[in-house]
Amino acid sequence: MEEEFEELRAQNSFDIKALAFRALNYWYLFLITLGIAFVVTYFYNKQLERIYSIESLISIKEEQNPFFSSSMNLTFNWGGASDKVETIKTTLKSRVHNESVVRLLQSYIHYKKDGQYRLVDIHTDSPFIVSLDETTPQLINTPIKIVFKDDKNYTASIDFSSDAIYRGINYKLNKVSSYSPENTSFLGDYVMNQEVNSPYFKFTLVKRRDVKLKIGQPYYIYLTSLNSEISKYRSIAVNLKVQGASMLVLSLTGPNRAILADYLNATTEILKEKNLEEKNQFATNTLEFIDKMIIGVEDSLRKDEQKLKQYKQDNKVFNPSLKGEEVFSKLNQYSIEKNGYMLKLEYYKLLEDYLTNSTDFRSLPAPASSGIDDPNIINNVSKIVQLSIRRAKLGETVKNDIFFKEIDQDIEATKRVLLENVKTARSSTNIDIANVENRTARANAEFRKLPEEEQQLFNIERSYKLSEASYTLLLEKKNEAGIVKAANVSDVKVIDSAKDLGQGSILPNTRKNYSIALFIGLLLPLAFVFLVTILDNNINTPDDIKNLSSIPILGIVSRSRTASNLAVFESPKSSVAESFRGIRSSLQYIYKNLAKDKTKTVMITSSVSGEGKTFCSINIASVFSLTGKKTVLVGLDLRKPKIFGDFNITNEIGVVNYLIGQKEMDEVIQATQYKNLDVVTSGPIPPNPSELLISQELEEFIAELKQRYDYIILDTPPLGLVSDALDLIHHADATIYMVRQDYSKKAMLNIINDKYRKGEVKNISFVFNDYRQKAKYGYGYGYGYGYGYGYGSYGNGYHEDTPTSLLSRITNLFKRK
């Protein structure tokens, strides 16, 4: 039972080694599939559009204004380094920013020419520039073919033969409309530098100076929608150069390096301009506030100056008294002081109204413009402006209110604190004004003691001096704000601008594609070999026999190259002849328990016809006859007799004639041309072969042969087809069961295995026939087991060399391991 289980397990096991060697035998299949895979991949890579990657490097660092001082208080920090970096990363990917860049570069205008597989962008290599009328709908996503007849005249044509939906776009309004072409094509002749107004486009072609125009060569204008271009460039990659540092690497991918470089440089420049504009926002607001105040002060100053001049001319009063000068100086000082306080109150009122009624605080002027030096107010105004700018920038990229919750809370908290600051500062300023008014009242009492004319002159001069001082203060603050604004620089600095340096493409990934081709080129033939191995039910190697059966292998016989079955006689030094000599030696070992003078009988059978049973019978009889022993070859395959043809004898009389009593022994025995070897053929095919083989006559026939011969070789019917051989086993001292390489099926051994396990057959052995030294089975060495032949280079001179063709020798080079 255990042996049966082992055999069943061996039949269901998979031999990895056999698969590997079989794969080696199909080397040409691997070579073909790999060649096809690599050729296909080559042309696939060649026709794919090349994609390039261009990079630029910028730094984000707060640049301090060298003209800023603590007394100016006009600049503000709009976030820490990390906050600014994140803000800029968001800005670079925002729709608003990219729309600005796309409109600046007019990235929706593509200049193309015919390529090997597709239209290719030529960008600045185009010999002309398109000047679009962006207020008029222009045909998009359809190439407009331009062919120049000469330096001035050209033809524009459009192919409408496809079933595509044609659309146009008004670039100014970013509004898309549909077209319904009346014809399958459009054609028109136009002149350079003259506006073309057609139903599908409206533009002017202007010649580019530094590019030569090629007459007759087709160029193409390809317009795309604004939204598609913005969406494409919003995919810009923005990454930190080094983690924690304020340097950003900007990168874009696309089919044209020059276009990518121009876009990266333009997006950086616009980013710098916006950043500087935001930094100047505080100073700009202050300048606008001061300008409004200066207008009113200039008007008052002009009137006071005119009034003072007129009074002096009318009253002939030019030099007031010493006492009047002293009183006037005090009153003038008090008025200027009070005016400063009133200016602060006016700013407080403006700030309070702004905080109460507005939600956007980006336009708040600097407190310093009104002489306010309260650090709490200055810092909180700066903070709320900063938060408002951040919120506005965030609004360019996101629309969901959830993203504004945190920043709105910060703005509201800062506003409440600032309102409290204003309330406190206003109370303090009112106290200061009251104090100034008390001092002014005492000075006015002294002033009223002066002569009437002098009082009037002093009043006019005091009003003039007050307007002049206010005007001077405002001009001073305006100059300060202007200096700060002019000295500001952007926090965005370009370290390495984008350039078209002929960088190699990143796509297609030829290495990856060839790796895939290699994988497929190996996988397909390997899968084929695996399938062939799985579906292969043939016995291919001696190990297959050992795995399938516990019956021993007596010997291995290679493929015979002789014209007939007489391999031993025709080629006595061949490896086939040596194989049979080895089998003879092995049989002698089986016969060692028999008496030396007793006739030895060998029965040879197989599973089916064609496995070399007759071939083996003839040659085993041959090797025994060569030892000088009298040998007879008996053909007991009564259904399909074969052994007579190779000996040039007939099959007219044979075993059948003896068994039915027609002939005597001497009449059925036929001598051959070889010494010590006789043959008894089967004879005519009988209607009852099975019955004849179990008859008493056969017993007598075998017994009489044993009296005459030393060795009897029985060529019997196949065991897998008929049961005749089983009836003959008891006549044999040894039984040889033939197995042919690549021919015998694994399942065919089940019958003999079953008989062997039950003890119905004994002294049975396998002979592995028609063996070829194939690498696909993993046995490149000899024919081993001590019974075969072939000892590599050591066998030279012992065996006859079989002539081989040049093709065979070349093929063998690939089969060797």
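Criteria and cut-off values
Each residue is numbered by its place in its chain's sequence as written, counting from 1. Since the coordinates come from a predicted model, pLDDT governs what is reported: local features require at least 70, and pairs of side-chain atoms require 80 or more to be given and counted, while whole-chain, interface and lining totals use all residues. Working from all heavy atoms in the structure, the side-chain values ignore hydrogens and water. For the purposes of this entry, the term helix denotes a DSSP run of H or I that reaches at least four residues, the term strand denotes a run of E that reaches at least two, and both are numbered from the N terminus. Buried residues are those whose accessible area, probed at 1.4 Å on protein chains only, stays under 20% of the maximum for their type, while exposed residues exceed 50% and partly exposed ones sit between those limits. Residue contacts are counted whenever heavy atoms from the two residues lie within 4.5 Å of one another. In short, Shrake-Rupley with a 1.4 Å probe defines the accessible areas, and a residue's cover is counted only from the protein chains shown. Only when DSSP finds a minimum of two bridges between them are two strands counted as paired. For helices, the fitted line uses only the C-alpha atoms of the stretch in contact; every axis is such a line through C-alpha atoms, and the angle between N-to-C directions lies from 0 to 180 degrees. As used in this structure description, the phrase polar contact means that two N or O atoms lie within 3.5 Å; if the pair is within protein, one of them must be able to donate a hydrogen and the other to accept it, and residues adjacent in sequence are counted only when both atoms belong to side chains. What we call a nonpolar core is a set of buried Ala, Val, Leu, Ile, Met, Phe, Trp, Tyr and Cys residues that are connected through their side-chain atoms within 4.5 Å. It is the rotation of the near helix from the far one that decides the hand of a crossing: anticlockwise by less than a right angle makes it left-handed, clockwise makes it right-handed. Gly counts as polar in this scheme, as do all residues outside two lists: the nonpolar Ala, Val, Leu, Ile, Met, Phe, Trp, Tyr, Cys and Pro, and the charged Asp, Glu, Lys and Arg. Along the arc lie the directions from the helix axis toward the C-beta atoms. Known as pLDDT, the predictor's confidence for each residue is given on a scale from 0 to 100. Stacked, tilted and edge-to-face are the three classes applied to pairs of Phe, Tyr and Trp rings, where Trp contributes its six-membered ring and a pair requires centres within 6.5 Å; stacked means planes under 30 degrees apart, edge-to-face means over 60, and tilted covers the rest. Counted as over-ring charges are cases with an Arg CZ or a Lys NZ within 6 Å of the ring centre that also lie within 35 degrees of the ring normal. An angle below 35 degrees is read as roughly parallel, one above 145 as roughly antiparallel, one from 65 to 115 as roughly perpendicular, and any other as oblique.

(A) The overall build of the chain, seen in detail. Across its full length, the chain carries 24 helices and 24 strands. Counting the 817 residues in the chain, one finds 46% classified as buried. Counted over contacts in the chain with a minimum sequence separation of 6, partners at least 24 positions apart contribute 79%. In the structure as shown, the chain presents an accessible area of about 42100 Å², 51% of it carried by carbon and sulfur atoms.

(B) View of the sheet that holds strand β21 (residues 677-680). Strand order in the open sheet formed by 8 strands is β17-β24-β23-β18-β22-β19-β21-β20, with mixed pairing between adjacent strands. Either end of the sheet is taken by a strand with one partner, and the two such strands are β17 (553-558) and β20 (670-671). Here strand β18 (residues 600-606) pairs with strand β23 (residues 734-740) via 5 bridges, running parallel. In the strand pairing of β23, T605 is matched with Y737. Across the sheet, helix α16 (residues 575-590) lies against β17, β18, β22 (711-715), β23 and β24 (764-771), angled at about 170° from β17, the strand it touches most. Of the strands in this sheet, β17, β18, β19 (631-635), β21, β22, β23 and β24 are in contact with helix α17 (residues 613-625), which crosses β22 at around 170°.

(C) Just the pairing of strand β12 (residues 202-207), in detail. Where strand β4 (residues 128-132) meets β12, 5 bridges bridge the pair, whose relative direction is antiparallel. Bridge pairing in β12 places F128 opposite K207. Where strand β11 (residues 196-197) meets β12, 2 bridges bridge the pair, whose relative direction is antiparallel. Looking at the pairing, N197 lines up with K202 of β12. Between β11 and the antiparallel strand that follows it, β12, lie 4 residues.

(D) Here's a closer look at the side chain of S490. Considering the arrangement of structural elements, one finds S490 in the loop between α12 (452-487) and β16 (492-496). Engagement of the side chain of S490 in a polar contact is seen with the backbone oxygen of K272, the distance being 3.3 Å. A polar side-chain atom of S490 sits 2.9 Å from a polar atom in the side chain of N275.

(E) Geometry of the side chain of S107. For S107, the position within the fold is in the loop between α5 (95-105) and β2 (109-114). Of the residues examined, S107 reaches a relative accessible area of 10% and is grouped as buried. Not counting residues within four places of it along the chain, the set of residues in contact with S107 comprises V102, E229, Y233 and Y263.

(F) Structural view of the nonpolar core. F128, I146, Y154, F201 and L205 are the most contacted members of the largest nonpolar core, which has 58 residues in total. For this core, the leading source of residues is helix α7 (residues 257-279), giving 8 residues.

(G) Structural context of the packing of α5 against helix α6 (residues 226-233). Where α5 meets α6, the axes come as close as 9 Å, and the angle between the chain directions of the two elements is 115°. In this structure, α5 crosses over α6, and the sense of that crossing is right-handed. Mapping the contact onto sequence places R95, N98, E99, V102 and R103 in α5 and L226, N227, E229, I230 and Y233 in α6. Here the residues of the contact of α5 with α6 sort into 4 nonpolar, 2 polar and 4 charged.

(H) How the structure looks around α6. Burial in α6 covers these residues: L226, E229, I230 and Y233. Here the buried residues of α6 occupy an arc of 100° about the axis, which is enough to place them on one side.

(I) Spotlight on the confidence of the model for the chain. Averaged over all residues, the pLDDT of the chain equals 84, while 86% of them reach at least 70. Predicted confidence is poor over residues 67-80, with pLDDT under 50, and the contacts of this stretch with residues over four places away or in other chains come to 43 contacts. Confidence drops under pLDDT 50 across residues 813-817; counting only partners more than four residues distant or on other chains, this segment forms 5 contacts.

(J) Local environment of unusual backbone geometry. For the bond from L507 to P508, the omega torsion is 0°, close enough to zero to count as cis. Structurally, the position occupied by P508 is in the loop between β16 and α13 (510-535). The backbone of Q106 shows a phi angle near 50°, a positive value even though the residue is not glycine. Considering the arrangement of structural elements, one finds Q106 in the loop between α5 and β2.

(K) Focus on the packing of aromatic side chains. Enumeration according to the criterion identifies 28 aromatic pairs in this entry. Above the plane of the ring of Y222 lies K112, whose end atom (NZ or CZ) is 5.7 Å from the centre. When the ring centre of Y709 is taken as origin, the NZ or CZ atom of K630, which lies over that ring, is 5.5 Å away.

(L) Representation of the environment of D151 within the structure. Along the chain, the position of D151 falls in the loop between β6 (144-148) and β7 (153-159). Between the C-alpha atoms of D151 and K212, which are 61 residues apart in sequence, the distance is 9.9 Å.

(M) View of the pairing of strand β14 (residues 237-240). With 4 bridges joining them, β14 and strand β15 (residues 247-254) adopt antiparallel strand pairing. Across the sheet, residue N239 finds its bridge partner in β15, namely V249. Linking two consecutive strands that pair antiparallel, namely β14 and β15, is a turn of 6 residues; a positive phi of about 95° is found at G244 within it.

(N) Representation of the environment of V655 within the structure. Its location among the elements puts V655 in helix α18 (residues 655-659). Judged by its relative accessible area of 0%, V655 falls in the buried class. For the pair V655 and I669, spaced 14 residues apart in sequence, the C-alpha to C-alpha distance is 8.9 Å. Setting aside residues no more than four positions away along its own chain, V655 makes contact with V634, G635, L636, V680, T681, S682, G683 and F701.

(O) How the structure looks around the environment of P365. Counting through the fold element by element, P365 comes out in the loop between α9 (322-357) and α10 (375-395). When the C-alpha atoms of P365 and T286 are compared, they prove to be 4.3 Å apart, with 79 residues separating the residues in sequence.

(P) Main features of the packing of helix α3 (residues 27-47) against α13. Interaxial distance between α3 and α13 falls to 8 Å at its minimum, and their mutual angle equals 150°. Relative to α13, α3 is oriented roughly antiparallel. In the packing of α3 onto α13, the handedness of the crossing is right-handed. For the pair formed by α3 and α13, the contact residues are L29, F30, T33, L34, A37, F38, T41, Y42, Y44 and N45 on the first element and T510, N513, Y514, A517, L518, G521, L522, P525, L526, F528 and V529 on the second. Considering only residue class, the contact of α3 with α13 consists of 15 nonpolar, 6 polar and no charged.

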